[in-house]
Amino acid sequence: MIPLSDKYVAVIGCGYWGKNLVREFAQLGVLRIICDSSKQILEDLKTKYDVEAVSDFAKVLAMPDVQAVVIATPAPTHASLAVQALAAGKDVFVEKPLALTLEDALLIEAAAFKSNGILMVGHLLEYHPALVKLRALVAEGKIGKLRYIYSNRLSFGKVRTEENVLWSFAPHDICSILGFVGKLPVSVQAVGSANLGKVEDFCLVNLEFEQIKAHIFVSWLHPFKEQRLVVVGDSGTLVFDDVSVDAKLTFYDQQAELQDNIPVLKLNSKIVITIEAASPLTQECKHFLSCVESRQTPLTSVENGIDVLTVLQSAQESLESSGKAIHLKEVQVVNG
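In short, a report on the structure. (Residues numbered from 1 in each chain as written. Predicted model: local features only at pLDDT ≥ 70, side-chain atom pairs only at ≥ 80, totals over all residues. Heavy atoms only, no water.)

**Here we look at the packing of helix H7 (residues 165–181) against helix H9 (residues 302–320)**
So, point 1. Put simply, H7 and H9 touch, their axes get as near as 9 Å, and they point 125 degrees apart. As the angle between them shows, H7 and H9 are arranged oblique. Between H7 and H9 the crossing geometry is right-handed. Packed against H7, whose contacting residues are Leu-166, Trp-167, Ala-170, Pro-171, Ile-174, Cys-175 and Leu-178, the element H9 presents Asn-304, Asp-307, Val-308, Leu-309, Val-311, Leu-312, Gln-313, Ala-315, Gln-316 and Leu-319 at the interface.
So, point 2. Here the residues of the contact of H7 with H9 are counted per class, giving 13 nonpolar, three polar and one charged. (Axes fitted to C-alpha atoms, helices over the stretch in contact; angles between N-to-C directions. Helix = DSSP H or I, 4+ residues; strand = E, 2+ residues; numbered from the N terminus. Parallel < 35°, antiparallel > 145°, perpendicular 65-115°, else oblique. Left-handed = near helix turned anticlockwise from the far one by under 90°. Contact = heavy atoms within 4.5 Å. Nonpolar A, V, L, I, M, F, W, Y, C, P; charged D, E, K, R; others polar.)

**Some points on helix H4 (residues 78–87)**
So, point 1. All buried positions along H4 are accounted for by His-78, Ala-79, Leu-81, Ala-82, Ala-85 and Leu-86.
So, point 2. Buried residues along H4 sit in contact with strand E1 (9–12), helix H3 (57–61), strand E4 (68–71), strand E5 (91–95), helix H5 (102–115) and strand E6 (119–122).
So, point 3. Residue Gly-89 follows H4 closely and has a positive phi angle near 85 degrees. (Buried < 20%, exposed > 50% of the residue type's maximum accessible area, 1.4 Å probe, protein only.)

**As for the sheet that holds strand E10 (residues 213–219)**
So, point 1. Pairing is mixed in the open sheet, where nine strands are placed in the order E14-E13-E12-E11-E7-E10-E9-E8-E15. This sheet does not close on itself; its edge strands, each paired only once, are strand E14 (262–272) and strand E15 (326–327).
So, point 2. Summarising the sheet, strand E7 (residues 146–156) and strand E11 (residues 221–233) pair through nine bridges and their orientation is antiparallel. Across the sheet, Tyr-148 pairs through a bridge with Val-232, a residue of E11.
So, point 3. Packing against the sheet, H7 makes contact with E7, strand E9 (202–208), E10 and E11, and its axis sits at approximately 155 degrees to E10. (Pairing = 2+ DSSP bridges.)

**Regarding the side chain of Glu-226**
So, point 1. Checked against the element boundaries, Glu-226 lands in strand E11.
So, point 2. In this structure Glu-226 comes out as buried when scored by relative accessible area, which is 11%.
So, point 3. A polar contact of 3.5 Å, which involves the side chain of Glu-226, links it to the side chain of Arg-228.
So, point 4. Those residues in contact with Glu-226, other than ones at most four positions away along the chain, are Asn-152, Arg-153, Leu-154 and Val-243. (Polar contact = N/O pair within 3.5 Å; in protein donor to acceptor, adjacent residues only side chain to side chain.)

**Observations regarding the sheet that holds strand E3 (residues 52–54)**
Strand pairing within a sheet occurs via backbone hydrogen bonds; the two strands may be parallel or antiparallel.
So, point 1. With parallel pairing, the six strands of this open sheet are ordered in space as E3-E2-E1-E4-E5-E6. The open sheet has two edge strands with one neighbour each: E3 and E6. Strand-to-strand, the axes of this sheet are offset by a mean angle of 20 degrees, without reference to chain direction.
So, point 2. Note: E1 against strand E2 (residues 31–35), four bridges, orientation parallel. For Val-9, the partnering residue across the bridge sits in E2 and is Leu-31.
So, point 3. Of the strands in this sheet, E1, E4, E5 and E6 are in contact with H4, which crosses E5 at around 170 degrees.

**Some remarks on the pairing of E2**
Taken residue by residue, a regular strand's side chains alternate between the two faces of the sheet.
So, point 1. For E2, the tally of buried residues reaches four of five residues, placing the bulk of the element in the interior.
So, point 2. Between the parallel elements E1 and E2, the chain passes through helix H1 (residues 18–27) in a crossover that is right-handed.
So, point 3. Bridging between E2 and E3 involves three bridges; their strand directions are parallel. Bridge pairing in E3 places Cys-35 opposite Val-54. (Right-handed = clockwise from strand over helix to strand, strands pointing away.)

Shape is all these values report; function is a separate question.
As structure tokens, then:
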């Protein structure tokens, strides 16, 4: 790797989400160049951030002072652009999903291995201070043995046309759940429907692991926004509510008691847990820069992205077979 210059990051794709990455890397002082097919977007961001702007991806790859490429283009282009960037000797941050097929994800993994490059997947939720704290509490036994996990990621629009709601919304929640369980599920089952176009607008995914079950509900047809992750143990429950302003993470001290041989739930207390005030996106971008500079493996590595994609692809197969359960041949320890 060449010595890093002060500004060594290129952002490819500066639209709906990419513009946020442009802002973050500009504020971190490392943004070298931006690339997009829209002349208007380039002109606006070039003026706003005083940065070089081009529409030719090949020009970015040929720049020796660009060490890191951030890819925030439409999902179908992720694999091709990531492989090209790695082959050019660049480190790569690619927004979720890593790719749209497991085959393409494995090609990215092979390219990263061959180039000895850093490859990080943009699973933003993993860098949220509330989820980081939740993971620590579960690890220390705050809620006892895991029993059940569910997540709701619901909103009113934006409607996508290139990828369905499963691929657009669910990667965050799949990544979180795999992180808690530590294994791929035994089986995956998904149902949903396309109400506004050709791709599914809502989807319900059931994940069955060896000892626990989990489900994910995603929709962009919901009349209000909800982003909630509930982790249930045998001695308590932790709830991560990202929409809440004052109660991002709450602990419910609950237990079941037998009364006349009938289980009765008892809630002893409800405690709102204080969370560090930090932007998940800023934390994610800082982590990528740290990995580029130290050569450490990212928290959301290519292997992590492949695990998530394995579940996504199984869920998609289930969707296309009218909700048939897809059984994974082997229960593997999650990568990364």
